[in-house]
Amino acid sequence: APSAQSAPSAGSAASAPDSFYRPDPPYGSAPSSSTRTQLVLEVNGVRHPLEPPGFNIGRGTDADLRINDPGISRLHAEIRVHEHAGALAAEILDLGSTNGISVNGHKVQRAPLDAGTRIEIGSTRMLVHAPAGR
């Protein structure tokens, strides 16, 4: 019985930085993207995972994510994704576009991306979020 009393305070859930239980990864493995919050960029109903190293957005054939919008430059913006302190961090950068980028209603040259971030490029609106069920 003494071990049952000490188990809750020594469990991994008690030392986790967030308040919900997350099972430990398999033995010998580092935390994978499945144990982190996976963000996606939703554009016109299509979800694009935000994974390293990221991708560029534009109207032209050189863009990784092509959007047919006359207000978007051929290479308009870049989304950079990298690992930082064991978690994924993402940001958007304007690549010298004609019309710029708007993040959460503000014109910016660069901005961090988190769940709930709203991006507008040309007349196209995008949303960063964590898909349901993750």
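What counts, and at which threshold
- Residues numbered from 1 in each chain as written.
- Predicted model: local features only at pLDDT ≥ 70, side-chain atom pairs only at ≥ 80, totals over all residues.
- Heavy atoms only, no water.
- Helix = DSSP H or I, 4+ residues; strand = E, 2+ residues; numbered from the N terminus.
- Buried < 20%, exposed > 50% of the residue type's maximum accessible area, 1.4 Å probe, protein only.
- Areas by Shrake-Rupley, 256 points an atom, 1.4 Å probe, with all protein chains shown as cover.
- pLDDT = per-residue confidence, 0-100.
- Contact = heavy atoms within 4.5 Å.
- Pairing = 2+ DSSP bridges.
- Axes fitted to C-alpha atoms, helices over the stretch in contact; angles between N-to-C directions.
- Salt bridge = Lys/Arg side-chain N within 4 Å of Asp/Glu carboxyl O.

A. Spotlight on the overall build of the protein. Regarding its fold elements, the protein presents two helices and eleven strands. For the protein, the sequential pattern of α-helices and β-strands runs α-α-β-β-β-β-β-β-β-β-β-β-β. Evaluated residue by residue, the protein yields a buried proportion of 32% over its 134 residues. With an accessible surface of roughly 8700 Å², the protein has 51% of that area assigned to carbon and sulfur atoms.

B. Here's a closer look at the confidence of the model for the protein. Here the protein averages 80 in pLDDT, and 71% of its residues register 70 or above. The low-confidence segment residues 1-35 (pLDDT under 50) makes nine contacts with residues lying over four places distant or belonging to another chain.

C. Looking closely at the sheet that holds strand E2 (residues 46-49). Taken in spatial order, the six strands of this open sheet run E2-E1-E11-E10-E7-E8, and their pairing is antiparallel. For this open sheet the edge positions go to E2 and strand E8 (106-108), each flanked by a neighbour on one side alone. Here the average twist between neighbouring strands, direction ignored, is 30°. Bridge count for strand E7 (residues 101-103) against strand E10 (residues 118-121) is three bridges, and the pairing is antiparallel. Looking at the pairing, Ser102 lines up with Glu120 of E10.

D. Expanded view of the pattern of salt bridges. Within this structure, the stated rule accounts for four salt bridges. Linking Arg47 and Glu42 is a salt bridge whose minimum nitrogen-to-oxygen distance equals 3.6 Å. Under the relative-accessibility criterion, Glu42 is labelled partly exposed at 25%. A salt bridge links Arg110 to Glu91, with the shortest nitrogen-to-oxygen separation between them at 3.1 Å.

E. Just unusual backbone geometry, in detail. Here the residue pair Pro52 and Pro53 is connected by a cis peptide bond, since its omega of 0° sits within 30 degrees of zero. Tracing the chain through its elements places Pro53 in the loop between E2 and strand E3 (54-58). Residue Ala85 is not a glycine yet carries a positive backbone phi of 55°. Its location among the elements puts Ala85 in the loop between strand E5 (77-84) and strand E6 (87-94). Taking the relative accessible area as the measure of exposure, Ala85 reaches 77% and is therefore exposed. Phi angles above zero are rare outside glycine, and Asn104 is one such case at about 50°. Of note, Asn104 is situated in the loop between E7 and E8.

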